Amino acid sequence: MITAGLDIGSTTSKAVLLDGDRLLGAAVVPNAALPSASARLVFDAVLDGSGVARGAVGAVATTGYGRRLAGFGDFVITEIKACALGAVRVGSPRGPIRTVLDLGGQDTKVVAIGESGGVEDFAMNDKCAAGTGRFLEMLARKLDLPLEAFIAAALRSRNPIHMNATCAVFAESEVVSLLARNIDKEDIAAAAHQAIADRIGAMVRRVGQQEVIAFVGGGALNRALAAMVEESLNKKVHIPESPQTLVALGAAIAAGGRAAEAAL
Amino acid sequence: MNRQPTNPYALRPAFSDNPGNRRKQAFVEADQRRRLDEIPQRPADIPYFVERLVNAAAAPKRRPRIGLLCNVAPVEIVMAAGADPVRLDCGNSAAAVAGEEMLAGDVCPLAKATIGVFMREDGLPATCDAFIVPATCDAKRKLGEILADYGPVFQFALPVDKDTVRHSAEAAAELRHLAAFAGKVTGRAPTRKALRAAIALTNHRSDIVHRLQEARIAHPGALSIRDLFVCIQASLFSPEPLETWVAHAENLVHAVKAFTAERRNLRRRVVLTGAPIIWPNFKVLNVLEECGALVAADTLCSGAQACIDPVVLAETSLDACFRALAARSVFGALCPCFSSQATRLSRVLDLVEKTRADGVVQYALRLCQPFDIENYRLERVLKERRIPFLNLRTDYSLEDTEQLRVRIEAFLETV
């Protein structure tokens, strides 16, 4: 049976189509104003990309912030559980994934996976943008750099400085004062990445850092951040092939499982 | 009358005239009332408790009134002095914003909301003749001096730990000072007879809360945790006579005991611990129940823990009454202001066993450091025993409701 997993996040929406174990397609789209519109957009995108007809999809699971606001779907699952299901499925060359760090636009999650593959424990950032992907996007804008250039600048930094990441709004004014002191953009970009890496590193350590540790979500596409997270954990992290759609993959797996249960 | 030496730096009490904020305070209450109306299973007596709680400030004043903060000063002493006790801690998020006229934004929301209500000339504190402010956390310790601008304040001193060998006599002596203070406010010093009568009445309340708890454990779903909190808080946060509450609460116990479920309740049972959840800040309770959790028991000083333990009198002298009151209110308190958290840990573990709970949820009020710090040991002790645990760190505002929902749903999926 073909199943779909839709992950309606705070910044982007992701979709995965599965036919049993076979991946038929995946899509990532920037969000529309309403979660229901984002859900339709990303579902259309994944159907178009894979050439599957809407009517051929047997079950749709929704997850992420907009999971209850999608307006369609057969089954709702939290992104925590979807994340674990996705991670167990993709695995890693070094063995099963036991810890997942998911850096999204609005929140950061750490999920500990037990030996049986279920969620053993999890943590999320408090209500605050300071430990999230949004923090980096805001600071990139303040430095007048596109996100890619901001990441590249961070990788070029040779004179690291220290910055706190306790408040995303105040961090913007800190950036302004650093610029006024003629600090290089590279060093500011690196400090911003470092601040996030330290915060999320502490969160991973609180949950426990059982290896293999996977880094997923939009944040995992950021090479500078991945390097600094590894340094902060003093451990290697595994970045799956499509880190942004891992949660949507988990939702599609869950949809398959639920549909099979219902068929019994 | 002020227990502190007269403050040479006393200020005139500050009041706030902000109609917009008053409107928001009323909105916050009305909104939570609407949420209560959505509870599916509600015994017939619940509206009495809702009205009593919501209209506390409008209750007719029949005798002197003494306002208290926290749950560690025994109300029996106030009652024995011929005054009505009323708890003044506040859970209104809009009142917390009003409190920011006086206190910095990153002070504990409970302290800000409480001061926000003192800043209303039509608020419940304005009807009180005196206040009892325990030196529990830093916020309360410092509020005492500010509240002394609004009326006579007894700053109730507490031992740092619960070593009864060291602190029993001093705690009883502190209650004697409190009795003298209350007697001065009312002109009627508490007698042994009056104190025993007050203890008999509050022990009746403890018995009711105990029976409600037992009935809820036996029949989960018979009474929502939100309605239980409304019922308990209607007795603590309203100056109306406890006798009337007792009569209605007896009816409630009958209704809850008579409840028969149509089918077995399969919802996940959790024990709730942590910071006080005070009307109308029921955000966490709303989300827990909406996500399908069944809060089987709690250790909150604004929930069952506030009055479930009776006063155990072994002797009849006034001193014996003070010692027994100290044993219940001070040494039995689960407040994290004491150096050790062992009492709370034991209570949590005991409740997990009694209720056959699937997990423990802690409500950690943001900016409340004692609960934040206690979280370290709580989490490890529970995990060592393989009891699933979720720490919800949040404040009075509603903006993180969806985030809380994700955490709670995921937790319930996990346990």
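Residues numbered from 1 in each chain as written. Chains lettered and ligands numbered in written order. Predicted model: local features only at pLDDT ≥ 70, side-chain atom pairs only at ≥ 80, totals over all residues.

## Considerations on the overall build of chain A
- Broken down by element type, chain A carries 8 helices and 10 strands.
- Counting only C-alpha atoms and orienting by the principal axes, one finds that chain A spans roughly 65 × 40 × 30 Å. (Helix = DSSP H or I, 4+ residues; strand = E, 2+ residues; numbered from the N terminus.)

## Some remarks on the overall build of chain B
- Assigned secondary structure in chain B consists of 15 helices and 8 strands.
- Its C-alpha atoms give chain B a radius of gyration of 20 Å, near enough to 22 Å, the size a compact globule of 415 residues would have.
- Seen through its C-alpha atoms, chain B measures out along the principal axes to roughly 60 × 55 × 40 Å.
- Put simply, chain B has 415 residues, and 51% of those count as buried.
- Across chain B, contacts joining residues at least 24 apart in sequence account for 76% of those joining residues at least 6 apart. (Rg over C-alpha atoms; globule rule 2.2 N^0.38 Å. Buried ≥ 20, exposed ≤ 12 C-beta atoms within 10 Å, placed from the backbone. Contact = placed C-beta atoms within 7 Å.)

## Re the sheet that holds strand β7 (residues 108-113) of chain A
- One open sheet holds the 5 strands; their spatial order is β8-β7-β6-β9-β10 (chain A), and the pairing between them is mixed. Edge strands, defined here as strands with exactly one partner in the open sheet, are β8 (119-124) and β10 (237-238) of chain A. (Pairing = 2+ DSSP bridges.)

## A look at the pairing of strand β6 (residues 99-103) of chain A
All names here are of chain A.
- With 5 of its 5 residues buried, β6 lies for the most part within the structure.
- Across 5 bridges, the pairing between β6 and β7 is antiparallel. From the neighbouring strand, Leu103 faces β7, where its bridge partner is Thr108.
- Counting the residues between successive antiparallel strands, the hairpin from β6 to β7 contains 4 residues.
- One ladder, built from 4 bridges, connects β6 with strand β9 (residues 213-216); its direction is parallel. If you follow Val100 over to β9, its bridge partner there is Ala214.

## Digging into helix α15 (residues 401-414) of chain B
- With 14 residues, α15 of chain B ought to run about 20 Å at 1.5 Å a step, and its terminal C-alpha atoms sit 20 Å apart, in line with that.
- Those residues of α15 of chain B that fall on the buried side of the exposure criterion are Leu404, Val406, Arg407, Ile408, Glu409, Ala410, Phe411, Leu412 and Thr414 of chain B. (Expected span 1.5 Å × (residues − 1).)

## Remarks on unusual backbone geometry
- Cis rather than trans, the peptide bond between Glu211 of chain A and Val212 of chain A has omega equal to 10 degrees.
- Within the fold, Val212 of chain A resides in the loop between α6 (185-207) and β9.
- Residue Pro280 of chain B is bonded to the preceding Trp279 of chain B through a cis peptide linkage, with omega at 0 degrees.
- By the secondary structure assignment, Pro280 of chain B is in the loop between β5 (268-274) and α11 (283-290).
- Although it is not a glycine, Asp144 of chain A sits at a positive phi angle of roughly 60 degrees.

## Brief notes about the nonpolar core
Residue and element names in this part refer to chain A.
- In this structure, Leu6 and Ala252 are the most contacted members of the largest nonpolar core, which totals 224 residues.
- Here this core gets 10 residues from one element, more than from any other, and that element is α6.
- Here this core spans two domains, since at least three of its residues come from each of domain 1 (1-91 + 244-264) and domain 2 (94-239).
- Leaving out residues up to four positions away in the same chain, Leu6 has contacts with Ser13, Ala15, Ala39, Val42, Phe43, Val60, Thr62, Ala70, Gly73, Ala248 and Ala251. (Core = buried A, V, L, I, M, F, W, Y, C linked by C-beta atoms within 7 Å. Domains from an automatic or database assignment.)

## Here we look at helix α10 (residues 242-258) of chain B
Residues and elements named next belong to chain B.
- Across its 17 residues, α10 extends 24 Å between first and last C-alpha, which sits within 8% of the 24 Å expected from 1.5 Å per residue.
- Along α10, the residues that are buried comprise Leu242, Trp245, Ala249, Leu252, Val253 and Val256. In a view along the axis of α10, the buried residues occupy a sector of 105 degrees, so they form one face of it. Pointing more than 90 degrees away from the buried face of α10 are the exposed residues Glu243, Ala247 and Ala258.
- Buried-residue contacts for α10 involve α8 (192-218) and α9 (225-236). (Arc of directions from axis to C-beta.)

## Some remarks on the sheet that holds strand β8 (residues 389-394) of chain B
All names here are of chain B.
- Taken together, the 4 strands give an open sheet; going across it, the order is β6-β5-β7-β8, and neighbouring strands pair in parallel fashion. The outermost strands of the open sheet, each flanked by one partner alone, are β6 (293-298) and β8. Across the sheet, the mean angle from the axis of one strand to that of its neighbour is 30 degrees, orientation sign disregarded.
- Relative to β8, strand β7 (residues 359-365) runs parallel, the two sharing 6 bridges. For Tyr363, the partnering residue across the bridge sits in β8 and is Leu392. (Axes fitted to C-alpha atoms, helices over the stretch in contact; angles between N-to-C directions.)

## So, the pairing of strand β3 (residues 22-30) of chain A
- Sheet topology note: the strand β2 (residues 12-19) of chain A/β3 of chain A ladder contains 8 bridges and is antiparallel. Note on β3 of chain A: the bridge partner recorded for Ser13 of chain A is Val29 of chain A.

## Considering the confidence of the model for chain B
- Per-residue pLDDT for chain B has a mean of 94; in total, 99% of the residues score no lower than 70.
- The ipTM value of the predicted complex is 0.77, and its pTM value is 0.88. (pLDDT = per-residue confidence, 0-100.)

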